Amino acid sequence: MKKALPLIILGMLAVLPLLGLSSYWMHILILVIMWSVIGMAWNLLGGYCGQVSFGHAAFFGVGAYTAGILYNKAHLSAWWGMPLSIVVVTIFALIIGYICLRLRGPFFALGTLAMGVILRVTAENLTAITEGDLGIMLQERTWIEKTWYFYIILALAAVTFIAIKMVVESKFGYYFVAIREDQDAAESLGINTTLYKTIALSISAVFTGLAGAFYMNYMGYIDPKIVFALHDISIVTIMVVMVGGVATYWGPFVGAVIMVFLAEIIRTIPKLGAAHHTFFGILLIVIIIFLPNGITGDIQKLKKILRIGKAT
Amino acid sequence: MALLEVKGVSRFFGGLAALTDVSFDVEKGHILGLIGPNGAGKTTMFNVVNGFYAPSKGEVYFRQKKISGLKPHQICQMGIARTFQVVKPLQRMSVLDNVIASAFLRVKTRTRAEEIALETIKFTGLLDDKDVISKGLPLGKRKKLEIARALATQPEMLLLDESFAGLNPAELDESIGIIQRIKEKGITIMIIEHHMKVIMAISDRIVVLSYGEKLAEGTPKEIGNNPLVVEAYLGEAESA
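Going along each chain's sequence as written, the residues are numbered from 1 onward. Whichever chain is written first is A, and whichever ligand is written first is 1; the rest continue in order. In keeping with the model being predicted, local features are shown solely for residues with a pLDDT of at least 70 and side-chain atom pairs are shown and tallied solely at 80 or more, while totals for entire chains, interfaces and linings include all residues. Excluded from the side-chain calculation are hydrogens and water; included are all heavy atoms of the structure.

> Looking at this structure, how should I read helix 4 (residues 110-123) of chain B?
All names here are of chain B. Between its first and last C-alpha, helix 4 extends 20 Å over 14 residues, near the 20 Å set by a 1.5 Å rise per residue. Within helix 4, the full set of buried residues consists of Ala-113, Ile-116, Ala-117, Thr-120, Ile-121 and Phe-123. Projected onto a plane normal to the axis of helix 4, the buried residues spread over an arc of 155° and lie on a single side. The exposed set on the far side of helix 4, more than 90 degrees from its buried face, consists of Thr-111, Glu-119 and Lys-122. Put simply, DSSP marks the helices as runs of H or I at least four residues long and the strands as runs of E at least two long, and each gets a number from the N terminus on. Downstream of helix 4 by one or two residues, Gly-125 has phi in the positive range, about 75°. Here, expected helix span is obtained from the residue count minus one, scaled by 1.5 Å. Burial classes: relative accessible area under 20% of the type maximum marks a residue as buried, over 50% as exposed, and values in between as partly exposed (1.4 Å probe, protein chains only). The reported arc concerns the directions from the helix axis to the C-beta atoms and nothing else.

Put into structure tokens, the structure is as follows:
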């Protein structure tokens, strides 16, 4: 039963478009699944390997721009950006990793945060390639309807889930967790910590970049402030995993559902809508205090809290 | 033929000399005790051999190959494993997973790694605790876990940094038994220890460090009769 759970959920999601959902609901579903992919990718590096990145927008943006520039300059379909982004994002991950992975803990977080900002500013100013603040727009999107976009991102999510599960259950997973728990001990147990951190970062970056390339195709428009955004991409990525459950398989999915719906609900509140970051911040504080392992990680504790709530 | 050769090693931290021109050999199959008062440079010596610090001067050879300057993971791959004085278990992993993680050094598959890990856990007497999250282990068992984890890398030489400190008499006897069985397996051991009785009983040779310098070297009997060693431990009346 437990082993079949991913298949059951995948099956249920796969039939959703057949229910004739409105375009708005399809959009929400696509966003949820896209954020699950980014969350799962971040979780491998931040959750399992313990390297908290505040700059995953860098990889999302590079993926998106790979697709965008390919379309804009080479006049190819932006969908080619998805396979190409694997190569391009890996190169960026190796460079960023070379610089940032020698830093530990909060310094690594700050280093990656800086990388995200540097790439945004670069994209804004390198107008010859990126069109700067004008952004890149697809003249026409591949499909008007959302069904195919839904299936493509669902397939990407399934691949991401399986790939990360395989990595986590192999030697790599053990090494990543060993590095998270104690880097010096890991090193003295014969683990090449620099190498394995670079591997974790590269895998994490590639899936984030694929989500970015998909985003370009789906939304049809990107500019540096959207895809390299610190608040709306990097921080939300961390929140998806923190809220859902760090170092759990389902955490990113649960977190993505909550974060996307929360953002949508807050947007509909008159006057307060623009302040969604404030609500995210409050939510993060509540989660860190009461459910430090996230909803999936602290499910027992959550049940307990809710039961007490009912009794009184 | 010596398995490990420490040749004229010095290590400075700024102006402070933690080790000054220390040389000694460790013979294959021996247990070498490294003793000395607090701050004598024993753990620094381990950190130099293990690769956490490069020596400021001098070299370390293992199986006639120079290892000083290599990284800790490379030195571990060559066959030197260590434990830490301040235990460093992988806290949020079970005892078994801790040992599996280090067993992966020599094998590729999860099944083989688990086999080796279980064998090692049995050897160190932790089988009943294999599913315990290591954060919750009492100190005595954490010290054993350190040894199990180091052994799972299948080393030729083991560096034990105060594996007996803080143990009760029963645990102490058990750990001495484990060390002797490790020796019987043919693994060379270098051990830092404050328990004089233990170190005198198990060591083949002893090196005494004091203020970063080698004060004496010899068999346990020679060391026990050496006036310099007694002085270093009890202190001179005038030196204050």
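> Quick question: what am I supposed to make of the environment of Gly-173 of chain A here?
All names here are of chain A. Relative to the helices and strands, Gly-173 resides in helix 8 (residues 171-181). Take Gly-173: its relative accessible area is 5%, and that puts it in the buried class. As for Gly-173 and Ala-200, which are separated by 27 residues in sequence, their C-alpha atoms are 9.2 Å apart. In what follows, residue pairs with any heavy atoms lying within 4.5 Å of each other are defined as contacts. With residues near it in sequence (within four places) discarded, Gly-173 still touches Val-167 and Val-168.

> Hey, could you run me through empty space enclosed by the protein in this one?
A water-sized probe, rolled over the atoms, reveals where empty space remains. Residues and elements named next belong to chain A. Definitions used throughout: a 1 Å grid over protein atoms alone; a cavity as a set of points that fits a 1.4 Å probe which cannot get out; a pocket as an open set with protein on both sides within 12 Å along at least five of seven lines; a lining residue as one with an atom within 4 Å of a point. Grid points are joined across faces, edges and corners, and a volume is the space filled by probe spheres set on the points. A full pass over the atoms with the stated rule returns two cavities of 30 Å³ or more. In this structure, the largest cavity is lined by Met-40, Asn-43, Leu-44, Tyr-48, Phe-161, Ile-164, Lys-165, Thr-248, Tyr-249 and Pro-252. Those elements giving two or more residues to the lining of the largest cavity turn out to be helix 2 (23-48) and helix 7 (147-169). Top element by residues in the lining of the largest cavity is helix 2. It accounts for four residues. Taken together, the residues of the lining of the largest cavity break down into seven nonpolar, two polar and one charged. If you add up the space inside the second largest cavity, you get close to 40 Å³. Lining of the second largest cavity is provided by Ala-57, Leu-113, Gly-116, Val-117, Phe-228, Leu-230 and Ser-234. Residue assignment for the lining of the second largest cavity shows that the elements contributing at least two residues are helix 5 (106-125) and helix 12 (230-244). Considering every element that reaches the lining of the second largest cavity, the biggest residue donor is helix 5, with three residues. Amino acids are sorted into nonpolar (Ala, Val, Leu, Ile, Met, Phe, Trp, Tyr, Cys and Pro), charged (Asp, Glu, Lys and Arg) and polar (every other residue, Gly among them). Along the lines of polarity and charge, the residues of the lining of the second largest cavity split into five nonpolar, two polar and no charged.

> Sorry if this is basic, but what is going on with the nonpolar core here?
Within soluble globular proteins, side chains that are nonpolar generally end up buried alongside one another. Residues and elements named next belong to chain A. The criterion is simple. A nonpolar core is a set of buried Ala, Val, Leu, Ile, Met, Phe, Trp, Tyr and Cys residues joined through side-chain atoms within 4.5 Å. One finds Met-34, Trp-35 and Phe-214 to be the most contacted residues of the largest nonpolar core, which totals 111 residues. The element contributing the most residues to this core is helix 2, with 16 residues. Look past the residues within four positions of Trp-35 in its chain and what remains in contact with it is Asp-232, Ile-233, Val-236, Thr-237, Val-240, Ala-256 and Val-260.

> Got a minute to help me understand the interface of chain A and chain B in this structure?
Accessible area lost during the coming together of the parts is what is often quoted as the interface size. Every contact between the two is made by 18 residues of chain A and, on the other side, 23 residues of chain B. Between Lys or Arg on one side and Asp or Glu on the other, a salt bridge is scored when a side-chain nitrogen of the former is within 4 Å of a carboxyl oxygen of the latter. Our count for the chain A to chain B interface comes out at one salt bridge. Here Arg-92 of chain B and Glu-181 of chain A are joined by a salt bridge, their closest N and O atoms 3.0 Å apart. Polar contacts, as used here, are pairs of N or O atoms within 3.5 Å; protein pairs need one atom able to donate a hydrogen and one able to accept it. Residues neighboring in sequence count only if both atoms are side-chain atoms. Across the chain A-chain B interface, the total number found is eight residue pairs in polar contact (both at pLDDT 80 or more).

> I tried to follow the domain arrangement of chain B on my own but got confused; where do I start?
Residues and elements named next belong to chain B. An automatic or database domain assignment is the source of the domain bounds shown. Taken domain by domain, chain B holds domain 1 (1-71) and domain 2 (79-177). Taken over C-alpha atoms, the centre of domain 1 sits 24 Å from the centre of domain 2. Facing the 13 residues of domain 1 at the interface are ten residues of domain 2. Summing the contributions of domain 1 and of domain 2, the shared interface buries around 1,000 Å²; its carbon and sulfur component is 67%. Considering only the side of domain 1, the residues that lose the most area to domain 2 are Thr-43, Phe-46 and Phe-62, jointly responsible for 44% of the buried surface there. Note that Arg-63 and Glu-156 form a salt bridge whose closest N and O atoms lie 3.4 Å from each other. Counting across the domain 1 and domain 2 interface gives five residue pairs in polar contact (both at pLDDT 80 or more). Looking at the side of domain 1 that touches domain 2, the elements with two or more residues in it are strand 1 (2-13) and helix 1 (42-50). Throughout, the accessible surface (probe 1.4 Å) given up by two parts as they are put together, summed over both, is called the buried area.

> How should the sheet that holds strand 10 (residues 213-218) of chain B be read in this particular structure?
Strand pairing within a sheet occurs via backbone hydrogen bonds; the two strands may be parallel or antiparallel. Residue and element names in this part refer to chain B. Strand order in the open sheet made by the six strands is 6-7-8-3-9-10, with mixed pairing throughout. The open sheet has two edge strands with one neighbour each: strand 6 (80-82) and strand 10. Each adjacent strand pair in this sheet contributes to an overall mean axis angle of 20°, direction not counted. Here strand 9 (residues 205-210) runs beside strand 10; their pairing, made up of five bridges, is antiparallel. We call two strands paired when DSSP finds no fewer than two bridges between them. Note on geometry: axes are C-alpha line fits, over the in-contact stretch for helices, and angles between N-to-C directions span 0 to 180 degrees.

> Help me out: how do you make sense of unusual backbone geometry in this one?
A negative phi holds for most residues other than glycine; trans holds for most peptide bonds. Even without a glycine there, the phi angle at His-75 of chain A is positive, about 55°. Looking at where His-75 of chain A falls in the secondary structure, it is placed in the loop between helix 3 (57-74) and helix 4 (81-100). Located in the positive-phi region is Gln-64 of chain B, a residue other than glycine, with phi close to 65°. Note on placement: Gln-64 of chain B falls in the loop between strand 4 (57-62) and strand 5 (65-66). Judged by relative accessible area, which is 45%, Gln-64 of chain B ranks as partly exposed.

> Help me understand the sheet that holds strand 4 of chain B, please; the structure alone is not making it clear to me.
All names here are of chain B. Spatially, 2-1-4-5 is the arrangement adopted by the four strands of the open sheet, whose pairing is antiparallel. Each edge of the sheet is formed by a strand with only one pairing partner; in this case those strands are strand 2 (16-27) and strand 5. The pairing of strand 1 with strand 4 spans five bridges and is antiparallel. Across the sheet, Glu-5 pairs through a bridge with Tyr-61, a residue of strand 4.

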